[in-house]
Each structure stands twice: as structure tokens, then as C-alpha cells.
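Survey of secondary and tertiary structure
Here's the letter readout for the chains.
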Amino acid sequence: MVKHDVKDINLADKGRLRIEWAEMEMPVLREIKKEISKNKPLKGMRMAACLHVTTETANLMETLKAGGAEVALCASNPLSTQDDVAASLVKHSDIPVFAIKGEDNDTYYKHIMDLLSFAPHLTMDDGADVVGVLHKERQDLLANVIAGTEETTTGVIRLRAMAAKGVLKYPIIAVNDALTKHLFDNRYGTGQSTMDGILRATNRLIAGSVFVICGYGWCGRGVAMRARGMGAHVVVTEINPLKALEATMDGYDVMPVMEAAKIGNIFVTVTGNINVISEKCFGVMKDGAIVSNSGHFNAEIELTALAKMATGRREIRPFVEEFTLPNKTRIYVLGEGRLINLASAEGHPSSVMDMSFANQVLCSVHAVTNHKELKNTVHSVPEEIDRYIAKLKLMSMGINIDTLTDAQSEYLKSWEMGT
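Our subject in this report is the structure included herewith. As the structure is a prediction and not an experimental result, all values here were calculated from the model.

1. Focus: the sheet that holds strand β13 (residues 312-317)
Pairing is mixed across the open sheet formed by eight strands, whose spatial order is β10-β9-β8-β11-β12-β15-β14-β13. Both outer strands of the open sheet, β10 (253-254) and β13, are each paired with one neighbouring strand and no more. Pairing of strand β14 (residues 320-324) with strand β15 (residues 330-334) involves five bridges; the strand directions are antiparallel. Following the sheet pairing, F323 is matched in β15 by I331.

2. Let's talk about the side chain of T269
Along the chain, T269 turns up in strand β11 (residues 266-269). By relative accessible area, T269 is classed as buried at 0%. Reaching out from T269, the side chain makes a polar contact with the side chain of N293 at a distance of 2.8 Å. Sequence-distant contacts of T269, defined by excluding residues within four places in its chain, comprise C214, V276, I277, S292, N293, S294, G295, E300 and I301.

3. Some remarks on helix α4 (residues 83-93)
Within α4, nine of the eleven residues are buried, which leaves the element mostly enclosed by the surrounding structure. Summarising the contacts, the buried residues of α4 are in contact with β1 (4-5), α1 (12-23), α3 (55-66), β3 (70-75) and β4 (97-98). With its phi angle positive at about 55°, D94 sits one or two positions after the end of α4.

4. A closer look at the nonpolar core
Within the largest apolar cluster, 50 residues are counted, with the highest numbers of intra-cluster contacts made by M61, L64 and V97. Put simply, the parts of the chain that give this core at least two residues each are α2 (27-39), β2 (46-51), α3, β3, α4, β5 (122-125), α15 (350-370) and α16 (383-396). Looking at this core element by element, the count peaks at eleven residues for α15.

5. Looking at the packing of α2 against α16
To describe two helices that pack against each other, one gives the angle between their axes and the distance between the axes. Their axes nearest at 9 Å, the elements α2 and α16 cross at an angle of 115°. The pairing of α2 with α16 is recorded here as roughly perpendicular in orientation. Judged by the sense of rotation from one axis to the other, the crossing of α2 with α16 is right-handed. For the pair α2 and α16, contact is made by P27, V28, E31, I32 and E35 and by Y388, I389, L392, K393 and S396, respectively. Along the lines of polarity and charge, the residues of the contact of α2 with α16 split into six nonpolar, one polar and three charged.

6. A few points about the pattern of salt bridges
Should their charged atoms come close, side chains of opposite charge can pair. The tally for this structure, following the rule as stated, stands at 20 salt bridges. For the salt bridge of E246 with R221, the shortest nitrogen-to-oxygen distance reads 2.5 Å. Placement of the pair is E246 in helix α10 (residues 241-249) and R221 in helix α9 (residues 218-229), with a sequence separation of 25 residues.

7. Points about a nonpolar patch on the surface
Nonpolar side chains collect at one region of the surface, where L404, Y411, L412 and M417 lie side by side and expose about 430 Å² of accessible area between them. Structurally, the position occupied by L404 is in the loop between α16 and α17 (406-413).

8. As for the environment of L64
Along the chain, L64 turns up in helix α3. A relative accessible area of 0% means that L64 is categorised as buried. Spatially, the C-alpha atom of L64 lies 35 Å from that of I301, the residues being 237 residues apart in sequence. Sequence-distant contacts of L64, defined by excluding residues within four places in its chain, comprise L42, M47, A69, V71, M124, V361 and S364.

9. Some words on the packing of aromatic side chains
Enumeration over the complete set of coordinates arrives at four aromatic pairs. With a centroid separation of 6.2 Å and an interplanar angle of 50°, the aromatic rings of F98 and F118 are classed as tilted. You can see F98 sitting in strand β4 and its partner F118 sitting in the loop between α5 (105-116) and β5, a full 20 residues away along the chain. Residue classification places F118 among the partly exposed residues on the basis of a relative accessible area of 28%.

10. Here we look at the pairing of β11
Of the two faces of β11, both are covered, the one formed by I266 and V268 as well as the one formed by F267 and T269. Both strand β8 (residues 210-214) and β11 contribute to a ladder of four bridges, which runs parallel. Residue pairing across strands places F211 opposite I266, the latter belonging to β11. For the handedness criterion, the β-α-β arrangement of β11, helix α12 (residues 279-284) and strand β12 (residues 289-293) is classed as right-handed.

11. Some thoughts on unusual backbone geometry
Positive phi, close to 55°, is recorded for D94, a residue that is not glycine. Positionally, D94 belongs in the loop between α4 and β4. The backbone of A119 sits at a positive phi, close to 50°, despite the residue not being glycine. Looking at the element boundaries, A119 is found in the loop between α5 and β5.

Conventions used here
Residues numbered from 1 in each chain as written. Predicted model: local features only at pLDDT ≥ 70, side-chain atom pairs only at ≥ 80, totals over all residues. Heavy atoms only, no water. Pairing = 2+ DSSP bridges. Helix = DSSP H or I, 4+ residues; strand = E, 2+ residues; numbered from the N terminus. Buried < 20%, exposed > 50% of the residue type's maximum accessible area, 1.4 Å probe, protein only. Polar contact = N/O pair within 3.5 Å; in protein donor to acceptor, adjacent residues only side chain to side chain. Contact = heavy atoms within 4.5 Å. Core = buried A, V, L, I, M, F, W, Y, C linked by side-chain atoms within 4.5 Å. Axes fitted to C-alpha atoms, helices over the stretch in contact; angles between N-to-C directions. Parallel < 35°, antiparallel > 145°, perpendicular 65-115°, else oblique. Left-handed = near helix turned anticlockwise from the far one by under 90°. Nonpolar A, V, L, I, M, F, W, Y, C, P; charged D, E, K, R; others polar. Salt bridge = Lys/Arg side-chain N within 4 Å of Asp/Glu carboxyl O. Patch = residues over 30% accessible without salt bridge, like charges linked within 9 Å, V, L, I, M, F, W, Y side chains within 5 Å. Areas by Shrake-Rupley, 256 points an atom, 1.4 Å probe, with all protein chains shown as cover. Phe/Tyr/Trp six-rings, centres within 6.5 Å; stacked < 30°, edge-to-face > 60°. Right-handed = clockwise from strand over helix to strand, strands pointing away.

In C-alpha cells, the structure reads:
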């Protein structure tokens, strides 16, 4: 059996069934798998993937392997692993996996080191932790690496900072910025799965609540849409005037986070930044306020400050921790402040991850083919890949669209034709 560190290999058969269930709703990835199985464009490439270990990710790993890659996988978040899926990838797919749900911080980074021991040619990140460890602790392996991909807003922010400082040692394709990723995965996937995670953790009624969303990027838009659809009074906090204006035009109340902290019942952070809900916020919150995060890292909530403020602390139900403050106010933090859609639920539905992971595969192939021409910076997903994935998705849904006539094509190229 391949190298691995999973919770229980005996969970593999259960995981296999769940992987098959997800695969049914991933027609684009299925089609791409069929294509790359023939010509093996990733043959000879060792790939180190640090992703959420879910049923959808399992189908991505098997697609990459079908394309000729040698793949290894670790978790990109200590609470996002589905242990039965990890076991199945090891037992049924011969893919090395290093991931255990609830692993501590030391184990999390040990697993990244285990992953990097395969001396990868390509990295596939969900938060840029592998890139960070490579550049800080395993620089001896950088000579092997030709390119990488990054799937999260948080990771892209970190990588662009590295590129701006001139320290990024290989090119990265920002899969997160593909239209077929962030317009769908971030909006519809995060919107639905975040609500799912909050409901599973709390079983609280959303209707009639004041639902505060920190950040109005594509993830924030998705959460706001779903919260309003369930009857919540939605409040948005923002630092970007354009996004704040958009949230206002979309019909939401917009205010500073300190004002929202006084009136909110449920809070969700989706910004990619640190201390968005801070010590000052906790001091003015209502008794019973529920605080959660759907951004990549738990740093969005200032949990260390909350712990110091608290006079009492207990787990009141799975994935719900109660902090009692000196004034007797009780604040409830969901899923240790980690991604609530994966901590207490199952993450995005497979039908939307279908497009995100199709981008991962095709961008990996693109990187292998073109890495010599790519500079050591963050690159956009080629437009032709985006359009191809959208076309495949429409075809799988039985939807046809128009094409330009010759006259229309000629008109768009011309400047002589007026009105």
C-alpha cells in the first residue's frame, strides 16, 4: 500500500461509494478525464496537492492520475478532511494521502512535509501553504518545481504579495480567478455550503435574524443571497467603496463592522484578511451571538483575544464552542473559526466543483506545456480554458447557445461600419 497517514483505512469502502455519488454530478471532469486518459499529457509529472480532502477532490485526483501524473495529497485545512474519502484514495486509487480530520497544527504541517517528500514538479494549493513551506523550509526542492496552481482568494492574495516582492520562484496559475471558478464556486457553492454548515452546527432559524456578512466579494455575495432567501435581515460590512456600493444597490444594509457587531445574531467572515471580527467587536455583541468563518483561514476571527476575554469556555454541541465574557454575554464560535462549510458540513456541491476542478486539470496541463514561457509570477487562467469549460458544462446540461454569423463576426472586427 502507498505511503499514507489517514484516520482509519477501514473506512475506504464507505468513501468509495461517496466518491462515486459525487462523480455522477461532475460531467465536465468526466469528459476531461476521458480526453487526457488517451494522450497522458501529465506523464512523468509528480504533483503535490494540498486541498480539502473531499469526495470532489478525490475525483480530481483520479483525473490527474488518469492523465499520467503521480499524485500525492494532503489537507489544506485541519477540519476539512473527510476521513472515509482519504482512506478510499489510499486503498482503491493507490494515491498517497496525508490527512486526518481534526489534526492539530503540528500534524498539519508534518503532513505538508510528507507531501513534499515526493519532490514535486507541480504544486496544487488551496491557501498557498505548500508554496510557503517550499520557499521557507524546503528550498532544496524548488529546482524540481516547474509551476503550480492556486484555487482560493486567500492563496492568490499571498502569492501576489510574494510575486510583488520578487521572491516567488516559479509560476503560479490563479485558478481562483477563472470566471468558471469564482462566478460559480465562490458564489453558488460558498453560498449554499456556508448556510448548510451553519444550520448543521446550530439548527437555528435563519428567518428573522440579523445576519452579518463581512466582505462582499463573490463569496460574500453568495452567502448574502442565500441568507436573504431564507428570510434573514442581511447586513454587509466592507472596506472597498465599490463593493459597499454594490451591496447597497443589491438591497442590503451596509455599515462598519463595529456597528454591525451591536445588532447581529449570526456573523460570517469571507474576506481573506485577519482580525475582521476583533476584540472590540466581541465587547459589544449581543448575548447568544453566533460567529463563523467561511474564508480560508481562521485568522479572520480574533480567537486568541476572545479566549483571553472569556471567563468560561465549553463545547456546547459539536462544532459549537461557547465563550462567556465577564458581563455574562455568551458568544458562540462555530468550527473553531475554520471553514464552517467544511468543518460541520460537506463543502460545495459536486456540480459546482466540477468546473473548479476542470480548471485545475486543464491549467496543470497548460503549465506543463508552457512553463518555459511563464515568468515567476501569478498568471490568469487562459480565456480559452474558461470558455471551453463553460461550453462543456452547457453541453452536459443540454443547453445550446447561438453563434455569431459571418456578418456579425465581420462587424465586430470592423471600425468602418457605423450606425
